[in-house]
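Tertiary structure, described
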Amino acid sequence: MNFFILGNNPALSVAEISAIYSGNKTGEFLQPDVFLLEEEIDSKALIKRLGGTIKIGKILKSIPREDKEEIKKELFNIIENKSKNSEGKFKFGISCHGKCGIQSREVGIDIKKRLKDSGASIRFVISKEKTLSSVVITQNKLDTKGIEVVLILKGKDVLIGYTEAVQDFKGLSFRDYGRPARDDHSGMIPPKLAQIMLNLSGKIEKDATILDPFCGSGTFLMEAALMGVKNVIGSDASSKAIADSEVNMEWAANKLQIANCKLQIFKSSATEISNHLDRKTIDAVVTEPFLGPQRGKPEAVKVIKELNKLYSDSLEEFAKVLKKDGVVVMIWPVLIRGDRKFFMNPELDRFKIQRILPHIKGLDTTERGSLIYGREGQKVHREIVILKK
């Protein structure tokens, strides 16, 4: 059994995992941030692909929560066995998800003392929080040369396991802030969210063709290429966006060693995309279109009306270039005005909204099957929608 420690939007994180494993029905969500999945996986490879997962690990044992001594004994055995094969000072940490019935700091100190008394060179890594962050784990190399033991409350039992892989926060930050061309005025989609949306398409295969017709500074193009997609196409009505995407993709090819990717970038409005591409050649359109004015206080009803027209016309074009089983993963803005929320409703003559998340206890979608991505205080939230022909 594998555990996934989820990011800030658990529903979206689970949707991404489920999309990769075709809606695997064995998954179980444990509030607020743990997902369990019975599946053969390569944690080190998978964590590089997932945008919504912070840690992946393996469950070793389940012990009744009341049996505190057995839990402590199991923790000691796991850490002792791992430390025997280490060179130099061995580091370990303990993270608890839920009220697992023990004080992890006290237990960790006791384990450290017992191992030191037996002659081991050992360090207990602690944090102000109940769980160790990916930063702490990486800095202390707990996922490579040490161990993070994880306790997860599940009903009346405590699951005990260890972390195999953590999210590459340095790499994500480098791809976001290190690229040469950024457009903070128009806003840029975070690489994590781009990864999630690409995975939600279910089309991330080497021979797939992925299109972003509002490519901006090229985030979707970059992440698709890093995932190994062979054919990546970007377009935009803005000359600056095209220039930014070209510069960023050249930078990515050199700095991130992207190889064997056939890249095509050209200037075009999304409402005219079929004039530039052959029909029924695209596997997936994955995009964040223009979300409306980002400055001032524009009238919500007017903005929604204008965007509905743009999105409706664009979707009509997407239908022309998509293959028969093609899919669109698209962001629609949700405008926040005080206590009111204004949603998009473009015409969907050629498409049908797909439920983004399997029916999993503890998680739900909007009434139309989408998910909302946003933080409190933001004027515009992102509604992530999956459309199929």
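This one's a predicted model, so the numbers in the text were calculated from it and none came from an experiment.

1. Some details on the packing of aromatic side chains
Under the definition given, this model contains three aromatic pairs. Ring plane angle 55 degrees and centroid distance 6.4 Å describe the contact between phenylalanine 4 and phenylalanine 35, whose orientation is recorded as tilted. Placement of phenylalanine 4 in strand β1 (residues 2-6) and of phenylalanine 35 in strand β3 (residues 34-37) is noted, with a sequence separation of 31 residues between them. With relative accessibility at 0%, the residue phenylalanine 4 sits in the buried group. By relative accessible area, which is 1% here, phenylalanine 35 ends up buried.

2. Examining the nonpolar core
Soluble globular proteins tend to bury their nonpolar side chains together. Grouped together as the largest cluster of nonpolar side chains are 82 residues, with contacts concentrated most on Phe4 and Phe318. Top contributing element to this core by residue count: helix α10 (residues 300-321), with nine residues. Contacts of phenylalanine 318, omitting those with residues within four sequence positions, involve Pro213, Phe214, Ala270, Ile273, Val285, Val328, Met330 and Phe351.

3. Considering the environment of asparagine 308
Relative to the elements of secondary structure, asparagine 308 occurs in helix α10. Separated by 24 residues in sequence, asparagine 308 and tryptophan 332 place their C-alpha atoms 9.5 Å apart. Those residues in contact with asparagine 308 that sit more than four places away from it in its chain are Met344, Asn345 and Pro346. A distance of 2.9 Å separates the side chain of asparagine 308 from the backbone nitrogen of asparagine 345, its partner in a polar contact.

4. Considering the environment of isoleucine 56
Within the secondary structure, isoleucine 56 sits in strand β4 (residues 53-64). Put simply, isoleucine 56 and threonine 163 are 107 residues apart on the chain and 5.9 Å apart in space, counted from C-alpha to C-alpha. Residues within four places of isoleucine 56 in sequence aside, it is in contact with Phe3, Phe4, Ile41, Ser43, Leu46, Ile47, Leu50, Thr163, Glu164 and Ala165.

5. A look at the environment of alanine 252
Counting through the fold element by element, alanine 252 comes out in helix α9 (residues 239-255). Between the C-alpha atom of alanine 252 and that of methionine 222, which follows or precedes it by 30 residues, the distance is 7.0 Å. If we ignore the near neighbours within four places in the chain, the residues touching alanine 252 are Met222, Gln257 and Ile258.

6. Focus: helix α8 (residues 219-226)
For an α-helix, 3.6 residues make a turn, and residues three or four places apart therefore share a direction. By the criterion of burial, α8 is predominantly enclosed, with seven of the eight residues buried. Residues Thr219, Phe220, Leu221, Met222, Glu223, Ala224 and Ala225 constitute the buried set of α8. With its phi angle positive at about 95 degrees, glycine 228 sits one or two positions after the end of α8.

7. Notes on the state of the cysteines
Following the criterion strictly, the structure yields zero disulfides and no others. As a non-bridged cysteine, cysteine 96 has cysteine 100 as the owner of its nearest cysteine sulfur, 4.7 Å distant. Between cysteine 215, a cysteine without a disulfide, and cysteine 261, which holds the nearest cysteine sulfur, the sulfur-to-sulfur distance is 13 Å.

8. Things to note about the sheet that holds strand β6 (residues 122-125)
If you walk across this open sheet you meet the eight strands as β2-β3-β1-β4-β8-β7-β5-β6, and the pairing is mixed. Sheet topology places β2 (28-30) and β6 at the edges, where each strand pairs with a single neighbour. For this sheet, the mean angle separating the axes of adjacent strands, direction not counted, is 30 degrees. Running at roughly 140 degrees to β1, helix α1 (residues 10-20) makes contact with β1, β2, β3 and β4 of the sheet.

9. Some thoughts on the pattern of salt bridges
What the rule picks out here adds up to 19 salt bridges. Between aspartate 244 and lysine 240 there is a salt bridge whose closest N-O contact spans 2.7 Å. Taken as a pair, aspartate 244 and lysine 240 lie in helix α9 at a separation of four residues, close to a single helical turn. Judged by its relative accessible area of 45%, lysine 240 is partly exposed. Through salt bridges with shared partners, one network takes in Lys61, Glu70 and Glu74.

10. A closer look at the packing of helix α7 (residues 191-200) against α8
Following both chains from N to C, one finds α7 and α8 inclined at 65 degrees, their axes separated by 9 Å at the closest point. Every pair of crossing elements has a handedness; the one defined by α7 and α8 is right-handed. Contacts between α7 and α8 pair Pro191, Ala194, Gln195, Met197 and Leu198 from the former with Thr219, Phe220, Glu223 and Ala224 from the latter. In terms of residue class, the contact of α7 with α8 is made up of six nonpolar, two polar and one charged.

Reading the values: the criteria
Per-chain numbering applies: the sequence of each chain, read as written, is numbered from 1 onward. Only residues with pLDDT of at least 70 are given local features in this predicted model, and only at 80 or more are side-chain atom pairs given and counted; all residues enter the totals for whole chains, interfaces and linings. Side-chain figures throughout are based on the complete set of non-hydrogen atoms in the structure, without hydrogens or water. Only Phe, Tyr and Trp rings take part, Trp by its six-membered ring, and two of them pair if their centres are within 6.5 Å. Stacked means planes under 30 degrees apart, edge-to-face means over 60, and tilted covers everything else. Each helix corresponds to a stretch of at least 4 residues labelled H or I by DSSP, and each strand to a stretch of at least 2 residues labelled E; elements are numbered beginning at the N terminus. Exposure categories follow from relative accessible area, calculated using a 1.4 Å probe and restricted to protein chains: below 20% of the type maximum is buried, above 50% is exposed, and the middle band is partly exposed. Nonpolar cores were defined as sets of buried Ala, Val, Leu, Ile, Met, Phe, Trp, Tyr and Cys residues, with membership established by side-chain atoms within 4.5 Å. Residue contacts are defined here by distance: any two heavy atoms, one from each residue, within 4.5 Å place the two residues in contact. Two N or O atoms form a polar contact when they lie within 3.5 Å of each other; inside protein one atom must be a possible hydrogen donor and the other a possible acceptor, and for residues adjacent in sequence the pair counts only when both atoms belong to side chains. Any two cysteine sulfur atoms lying within 2.5 Å of each other are counted as a disulfide. Being paired, for any two strands, means DSSP has found at least two bridges between them. The axes used here are C-alpha line fits, helices contributing only the stretch in contact, and every angle between their N-to-C directions lies in the interval 0 to 180 degrees. Take a side-chain nitrogen of Lys or Arg and a carboxyl oxygen of Asp or Glu: if they are within 4 Å of each other, that pair is a salt bridge. Handedness of a crossing follows from how the near helix is turned relative to the far one, being left-handed for an anticlockwise turn of less than a right angle and right-handed for a clockwise one. By the convention adopted, Pro, Cys, Tyr, Trp, Phe, Met, Ile, Leu, Val and Ala count as nonpolar, Lys, Arg, Asp and Glu as charged, and the other residues, Gly among them, as polar.

Just geometry here; none of it tells us what the structure is for.
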